[in-house]
Amino acid sequence: KGLGNQGLVMQRYITNPLLIQGHKFDLRLYVLVTSFHPRLEAFLYREGLARFATAPFTLDPEFRGDPFVHLTNSSVQKSRVESG
């Protein structure tokens, strides 16, 4: 069936991500797009956010479900830091 007005999110796990000192990371940047036509006009906010996984990246099946290896979500990583 058609999606109508429903949103859709598609994603694919990247098995060979870019790493910093062996850890996954992501960058959160803020962009304001003011025009697409007749040309793209966008403004990038000067400040952003870098988030890191607290455990080194591995594809070892033993760590497949370990959120500290595969996720950079601040709430997830905070729980590892607080527990020592």
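Calculation criteria
For every chain, the first residue of the written sequence is number 1, and numbering continues from 1 onward in sequence order. Residues qualify for local features only when their pLDDT is at least 70, as the model is predicted, and side-chain atom pairs are given and counted only at 80 or more; totals for whole chains, interfaces and linings, by contrast, use all residues. Heavy atoms throughout the structure, all of them, feed into the side-chain values; hydrogens and water do not. A helix here means a DSSP run of H or I that spans at least four residues, while a strand means a run of E at least two residues long, and both kinds are numbered starting from the N terminus. We count a salt bridge whenever a side-chain nitrogen from Lys or Arg sits within 4 Å of a carboxyl oxygen from Asp or Glu. Whether a residue is buried, partly exposed or exposed follows from its accessible area with a 1.4 Å probe, protein chains only, as a fraction of its type maximum: under 20%, in between, or over 50%, in that order. Working rule for contacts: check all heavy atoms of both residues, and any pair within 4.5 Å makes them a contact. Per residue, pLDDT captures the predictor's confidence, and it can take any value from 0 to 100. Patch construction takes residues with relative accessible area above 30% that form no salt bridge. Like charges are linked within 9 Å, and nonpolar side chains (Val, Leu, Ile, Met, Phe, Trp, Tyr) are linked within 5 Å. For the area figures, the Shrake-Rupley method with a 1.4 Å probe applies, and any residue is considered shielded solely by the protein chains shown.

A word on the overall build of the protein chain
Part 1 of the reasoning: For the protein chain, the count of helices and strands is 2 helices and 4 strands.
Part 2 of the reasoning: Each helix (α) and strand (β) of the protein chain, taken in turn from the N terminus, gives the series β-β-β-β-α-α.

A word on the pattern of salt bridges
Part 1 of the reasoning: Evaluation of the coordinates by the stated rule reveals 1 salt bridge.
Part 2 of the reasoning: Of the charged contacts, one joins Asp-26 and Arg-51 as a salt bridge, the two residues approaching to 3.0 Å between their closest N and O atoms. Residue Asp-26 is found in strand β1 (residues 25-28), and its partner Arg-51 is found in strand β4 (residues 49-52); the two are separated by 25 residues along the sequence. We note that Asp-26, like Arg-51, is buried.

Focus: unusual backbone geometry
Note: most peptide bonds trans; most residues except glycine with negative phi.
Part 1 of the reasoning: In this model, His-37 is joined to Pro-38 through a cis peptide bond whose omega is 10 degrees.
Part 2 of the reasoning: With respect to the element layout, Pro-38 can be found in the loop between β2 (31-35) and β3 (41-44).
Part 3 of the reasoning: The backbone of Gln-21 shows a phi angle near 50 degrees, a positive value even though the residue is not glycine.
Part 4 of the reasoning: Here Gln-21 is to be found in the segment before β1.

Focus on the side chain of Arg-51
Part 1 of the reasoning: Classification of Arg-51 by relative accessible area gives buried; the value is 17%.
Part 2 of the reasoning: Among residues more than four places away in sequence, those in contact with Arg-51 are Lys-24, Phe-25, Asp-26, Arg-28, Thr-72, Asn-73 and Ser-74.

Points about the confidence of the model for the protein chain
Part 1 of the reasoning: Of the residues in the protein chain, 89% reach a pLDDT of 70 or more, and the chain-wide mean stands at 89.
Part 2 of the reasoning: Per-element confidence in the protein chain ranges from a low mean pLDDT of 80 for helix α2 (residues 74-83) to a high of 96 for β3.

Considerations on a nonpolar patch on the surface
Part 1 of the reasoning: Nonpolar side chains collect at one region of the surface, where Leu-27, Leu-29, Val-31, Val-33, Phe-36, Leu-40 and Leu-44 lie side by side and expose about 770 Å² of accessible area between them.
Part 2 of the reasoning: By secondary structure assignment, the location of Leu-40 is in the loop between β2 and β3.

Looking at the environment of Phe-63
Part 1 of the reasoning: Relative to the helices and strands, Phe-63 resides in the loop between β4 and α1 (67-70).
Part 2 of the reasoning: For Phe-63, a relative accessible area of 33% gives the class partly exposed.
Part 3 of the reasoning: When near neighbours in sequence (up to four residues on either side) are disregarded, Phe-63 contacts Thr-58, Val-69 and His-70.

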